[in-house]
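Inside the fold
These are the residues of each chain, in order.
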Amino acid sequence: MAPTALGRIIERSIAAEARAVEETRIWPHIDRRGPDECWMWQRATTAKGYGILYLGFGKSGRRQVRAHTAVYALLIAEPPPDLVPDHTCRTPSCVNPAHLEWVTSGENVLRGDGITAQNARKTQCVNGHAFTEANTYRHKKNGRPARSCRTCRRDSDRRRRAR
């Protein structure tokens with residue numbers, strides 16, 4: 001029997017063991033609906049709601065895998081090693097491979113709703129000045145990339161010098 005994509009995820013198992021895991025530990029725990037609907041993982045999840053399962057055997061071979069990654073490996077192909085899955089449906093417990101797009105980690109962050117993505121989408125500063133190339137000062141703040149409004153910085157510098 002040829003190794004499956006899931007077999008490549010499970011480093012220490014063989015294809016027959018992967019198929020056994022598939023039939024007993026994956027498919028029974030998915031609420032599969034239509035091809036365009038979310039397929040909800042019905043078992044353990046992370047704190048952020050992503051489905052998880054343990055693959056492998058014994059203490060040294062057992063490892064945690066995201067459920068959507070295992071289903072993608074079974075139905076589509078081995079996940080790209082340098083990319084991360086982005087749930088286009090925005091439902092973390094969905095394991096439908098049609099709802100996954102493999103993107104860079106940075107792209108995935110910017111597509112989300114976190115503070116980094118919110119700040120990246122801003123088109124003007126708190127005082128209403130546009131973030132254009134000419135009006136944006138790019139710098140490091142606490143070792144991380146940051147941007148400031150040149151107009152507001154200039155005004156702040158003038159006020160400080162006037163004291």
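Provided above is the structure to which this section pertains.
Reference entry: report on the structure contained in this document. (Residues numbered from 1 in each chain as written. Predicted model: local features only at pLDDT ≥ 70, side-chain atom pairs only at ≥ 80, totals over all residues. Heavy atoms only, no water.)

**Quick look at the nonpolar core**
Counting 13 residues, the largest nonpolar core has Ile26, Trp27, Ile30, Trp41, Leu53, Val71 and Val95 as its most contacted members. Elements supplying a minimum of two residues to this core: strand S3 (52–55) and helix H4 (67–75). The residues contacting Leu53, other than those within four sequence positions of it, are Arg25, Ile26, Trp41, Arg63, Gln64, Val65, Arg66, Ala67 and Ala70. (Core = buried A, V, L, I, M, F, W, Y, C linked by side-chain atoms within 4.5 Å. Buried < 20%, exposed > 50% of the residue type's maximum accessible area, 1.4 Å probe, protein only. Helix = DSSP H or I, 4+ residues; strand = E, 2+ residues; numbered from the N terminus. Contact = heavy atoms within 4.5 Å.)

**Observations concerning the environment of Gly51**
Structurally, Gly51 can be placed in the loop between strand S2 (40–41) and S3. When the C-alpha positions of Gly51 and Ile30 are compared, they lie 10.0 Å apart, and in sequence the two are 21 residues distant. Once residues within four sequence positions are removed from consideration, Gly51 is found in contact with Trp41, Ala44, Thr45, Val65, Arg66, Ala67, Pro92 and Ser93.

**A look at the layout of surface pockets**
In this structure, the largest pocket spans a volume of roughly 630 Å³. Lining the largest pocket are 16 residues; nearest its centre among them are Thr116, Asn119, Pro145, Ala146 and Arg147. Going through the elements one at a time, helix H6 (115–121), strand S7 (136–141) and strand S8 (144–149) are the ones with two or more residues in the lining of the largest pocket. If one sorts the elements of the lining of the largest pocket by residue count, S8 sits on top with five residues. In this structure, the second largest pocket occupies an estimated 450 Å³ of space. (1 Å grid on protein atoms, 1.4 Å probe; cavity = no way out; pocket = protein on both sides within 12 Å on 5 of 7 lines; lining within 4 Å. Points joined across faces, edges and corners; volume = space filled by probe spheres on them.)

That is the geometry; function is a separate question.
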